[in-house]
Amino acid sequence: MTGTGRFPHLFRPMRLGPITLANRIVFGAHPTGYAEDGLPTERHAAYYAARARGGAGLIIAEEQSVHPSDRPRERTIRGFDPAVVARHRKVTEAVHREGVPILAQINHNGGQSTSLYSRRPLWAPSPVADPAFREVPKALERQEISEIIDGYGLVAGHCVEGGFDGVELQCAHSSIVRAFLSPATNRRGDRYGGSPANRTRLLSEIISEVRRRIGPDLVLGVRLCCDELVDGGTTLEDAIAVARVLEASGKVDYVGASIGVSTAAPHLDGASMHIPPGYALFVANALRRAVDLPVIGAGRFKDPVQADRALADGHCDLVDVVRGQIADPDFAAKARAGAPEAVRVCLSCNQDCVGRVRANRRLGCVENPRVGREFLPALSSRRAGRDVLVAGAGPAGLQTALAAARAGHRVRVYEAERAAGGQVLLAASTPGRAEFGVLVRNQLTECRRLGVRVEYGRPVDAELVRREAPEVLVVATGARPRRPAWGRGRERVVDVRDVLSGRVRPSGSVLLVDEVGFHQATGTAELLADRGCVVEVVTSAMVVGQDLATTLDLENWCVRATAKGIGETCDHEVVRVGECARTGRLEVELAYLPTGETSGRTVDWVVCALPQAPLDGLYRALRRHPSVQTLRVGDCVAPRRVDMAVIEGERIGTSL
Ligand SMILES: Cc1cc2nc3c(=O)[nH]c(=O)nc-3n(C[C@H](O)[C@H](O)[C@H](O)COP(=O)(O)O)c2cc1C
Ligand code: SF4
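What counts, and where the lines are drawn
Residues numbered from 1 in each chain as written. Chains lettered and ligands numbered in written order. Predicted model: local features only at pLDDT ≥ 70, side-chain atom pairs only at ≥ 80, totals over all residues. Heavy atoms only, no water. UniProt positions renumbered as here; feature names shortened; annotations may be inferred. Helix = DSSP H or I, 4+ residues; strand = E, 2+ residues; numbered from the N terminus. Pairing = 2+ DSSP bridges. Axes fitted to C-alpha atoms, helices over the stretch in contact; angles between N-to-C directions. Contact = heavy atoms within 4.5 Å. Core = buried A, V, L, I, M, F, W, Y, C linked by side-chain atoms within 4.5 Å. Buried < 20%, exposed > 50% of the residue type's maximum accessible area, 1.4 Å probe, protein only. Domains from an automatic or database assignment. Parallel < 35°, antiparallel > 145°, perpendicular 65-115°, else oblique. Left-handed = near helix turned anticlockwise from the far one by under 90°. Nonpolar A, V, L, I, M, F, W, Y, C, P; charged D, E, K, R; others polar. Near = heavy atom within 4 Å. Polar contact = N/O pair within 3.5 Å; in protein donor to acceptor, adjacent residues only side chain to side chain. Areas by Shrake-Rupley, 256 points an atom, 1.4 Å probe, with all protein chains shown as cover.

**Focus on the UniProt feature "domain: FAD/NAD(P)-binding" (unreviewed entry) in the chain**
Mapped onto this numbering, the UniProt entry annotates "domain: FAD/NAD(P)-binding" (unreviewed entry) at residues 387-485. Secondary structure across residues 387-485 comprises 37% helix and 21% strand; the distance between its end C-alpha atoms is 43 Å.

Now the structure itself:
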């Protein structure tokens, strides 16, 4: 059955104000970090064009700032700069060549920003500091409100000149308009504060100005925060009232429905795999029942089946698939072709999309090394048809194999274990993280499609290489746990990998040592707490699972850790582990780093998440082989995170 038959709701065309969409799949707005000097680039054009070519029904380009007082990120687009127009044209022409409409999101982040880049005070309805940035903004004066409205108009005008099919006002996660709408951040006593009508005034005036500038033939959408989940903030009822005002204005063509505030509930902005798919659909559903405007639903739509179901059930009229199309630009085309199983499903890991953008880096994707590089020609092999053996079917080995096969080589992968995936499989076995394992499933699907042979229970050694005599050997044997000096000779001092692989099964009280700062310690801590262990995590860092903040997982980890009774001790390192002669229990001495003061714990097990050591014996043995070109990739070069394994695999596989 074709996709249009299999997903009848997704592929039903629809009118959106003055334009027609071929299908209901939206590639919604998200900052990319691709701007240079505040202007869009060819990186943007190629990035959006790839999703348009891949079948998206509508693209909404990343947010542009409407005023110099708003520069939340280093690479924010200065929509008010007339120089954007020529750059916009390049972007819109590239997308229109694929026959797909493109809107521009425009915004002012108000107090949810920083003066770090602009060196100007933040502007907001009232001097209420944002909980994340903690910077007290300047309350807008009447004249400045007019400047903001004019800014929206100016930027909308630039979008028209730049060839966009319309604009979307971001009044959702992070926006001065949201701050005006919300009783939590709008404490004004003038005609822009107080009653709901007064709080909605700025939005209404912006809509009038923007509609005046774009005219009747372009789309105007408004993305609303439908539940701030903040004490005293905007509720769903408030948002419905605003949506009714928008509808009554006759100037708005659709509403987008999201929940949470970026800086107060960031884990709901780009929700990770710990939040259920479709978590924000209830607000879309409520808006749809309240108004006749088309509603865009958002939030962890990752596969066409689920997206079609949201439409079929009447929750929304359009579905935002953002990370789903970052990971696989051909998401829509594959669904349309009736091949949803071919979609490279997003993991909702947030590592290279949200994580990099929040660090002011260019957006990427752990699964898709081409993200942000679509404007570059795909690397091609100088000598196709080589006989390639990859040792190890972890993410680095599999990516090498599929990239090499794509480049025209004959590739086989030998894996010593009974399954592919290496550490990814272990990581995916911790509570709430099963979706991480989809990475390997996606890679294996692609390997199968490309004819790569993957064999299990086949360790590679020098003898095997001599017998099979490949032209190229790529060693992807990964890393091994490093035993801490303080744990030597203690059987119950183990690594998280020992626990996750089932080699040991700790019980009783467990001290988990987190020196990695990512999911290794926190995931294992949850697993053990779920099994009834009494768990404490100790780290030399200031926070357990420090880097979880980058993937929007920290807040939720803290909530879950508290619920599961997991203790956390920061700024401490393990100095010594002894064994009680009488009870056999482990006696752990910890040092408080700022003072060196020591304290003790008596536990049944110590489980370590520590930096690992490369497993590079095979590479070292064969690197000077006279007839087999021997390369290595991934953790056996240097143990890192999965994004680097995939990027390196792609690089090596395409360069053979
Ligand atoms: C890196 C990143 C940044 C985002 N920033 C914005 C933004 O500036 N404006 C916005 O309306 N939504 C933003 N979003 C939210 C997306 O539009 C979308 O609602 C969210 O990713 C949930 O959809 P998904 O699960 O399909 O990714 C962002 C999402 C990501 C992944
Ligand atoms: S980095 Fe992770 S969450 Fe982001 S698009 Fe890729 S797979 Fe999805």
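**Quick notes on the sheet that holds strand β22 (residues 567-569)**
Reading across from one edge, β19-β26-β20-β21-β22 is the order of the 5 strands in this open sheet, with parallel pairing throughout. Each edge of the sheet is formed by a strand with only one pairing partner; in this case those strands are β19 (493-495) and β22. Across the sheet, the mean angle from the axis of one strand to that of its neighbour is 25 degrees, orientation sign disregarded. Pairing of strand β20 (residues 509-514) with strand β21 (residues 534-539) involves 6 bridges; the strand directions are parallel. From the neighbouring strand, Asp 514 faces β21, where its bridge partner is Thr 539. Packing of helix α18 (residues 519-530) onto the sheet brings it into contact with β20, β21 and β26 (605-609), and relative to β20 it is tilted by some 170 degrees.

**Considerations on the nonpolar core**
Side chains of a nonpolar character, in soluble globular proteins, are inclined to be buried together. Judged by nonpolar contacts, the single largest core of 134 residues is most densely connected at Tyr 152, Leu 169, Leu 203, Leu 224 and Leu 246. Per-element tally for this core: the top contributor is helix α4 (residues 142-161), with 7 residues. A domain split of this core shows at least three residues from each of domain 1 (3-358) and domain 2 (387-480 + 613-654). Excluding residues that lie within four positions of it along the chain, Tyr 152 makes contacts with Val 66, Ile 106, Asn 107, His 108, Leu 169, Ile 176, Val 177, Ile 206 and Val 210. Membership of the second largest hydrophobic core comes to 26 residues, among which are Val 494, Leu 512, Ala 521 and Val 544.

**Structural notes on the packing of helix α6 (residues 196-214) against helix α7 (residues 236-249)**
Relative to each other, α6 and α7 sit at 30 degrees, their axes nearing to 11 Å. Taken together, the axes of α6 and α7 are roughly parallel relative to one another. By crossing handedness, the relation of α6 to α7 is classed as right-handed. Within the contact between the two elements, α6 uses Thr 200, Leu 203, Ser 204 and Ile 207 and α7 uses Val 242, Val 245 and Leu 246. Per-class residue counts for the contact of α6 with α7 are 5 nonpolar, 2 polar and no charged.

**Quick look at the site of ligand 2**
Lining the immediate surroundings of ligand 2 are Arg 323, Ile 326, Cys 346, Leu 347, Ser 348, Cys 349, Asn 350, Asp 352, Cys 353, Cys 365, Val 366 and Glu 367. Taken together, the residues that form the shell around ligand 2 break down as 7 nonpolar, 2 polar and 3 charged.

**Regarding the site of ligand 1**
Neighbouring residues of ligand 1: 17 residues in total, closest Pro 31, Arg 223, Arg 300, Val 322 and Arg 323. At 2.8 Å from an oxygen atom of ligand 1 is found a main-chain nitrogen or oxygen belonging to Val 322. In the complex, the protein chains occlude 94% of the 600 Å² of accessible area that ligand 1 would expose alone. Residues belonging to the shell around ligand 1 are distributed by class as follows: 6 nonpolar, 5 polar and 6 charged.

**Section: the sheet that holds strand β25 (residues 598-603)**
Strands sit in the order β23-β24-β25 across an open sheet of 3 strands; the sheet is antiparallel. At either margin of the open sheet sits one strand with a lone partner, and together these are β23 (572-579) and β25. Averaged over all pairs of adjacent strands, the angle between strand axes in this sheet comes to 25 degrees, irrespective of strand direction. Pairing geometry for β23 and strand β24 (residues 586-592), over 7 bridges, is antiparallel. Directly across from Glu 573, in β24, lies its bridge partner Ala 591.

**Concerning unusual backbone geometry**
Positive phi is not limited to glycine here, since Asp 37 has a value of about 50 degrees. In this structure, Leu 229 takes a positive phi of about 55 degrees despite not being glycine. Here Leu 229 is to be found in the loop between β10 (219-225) and α7. Residue Leu 229 is classed as partly exposed on the basis of its relative accessible area, which comes to 47%.

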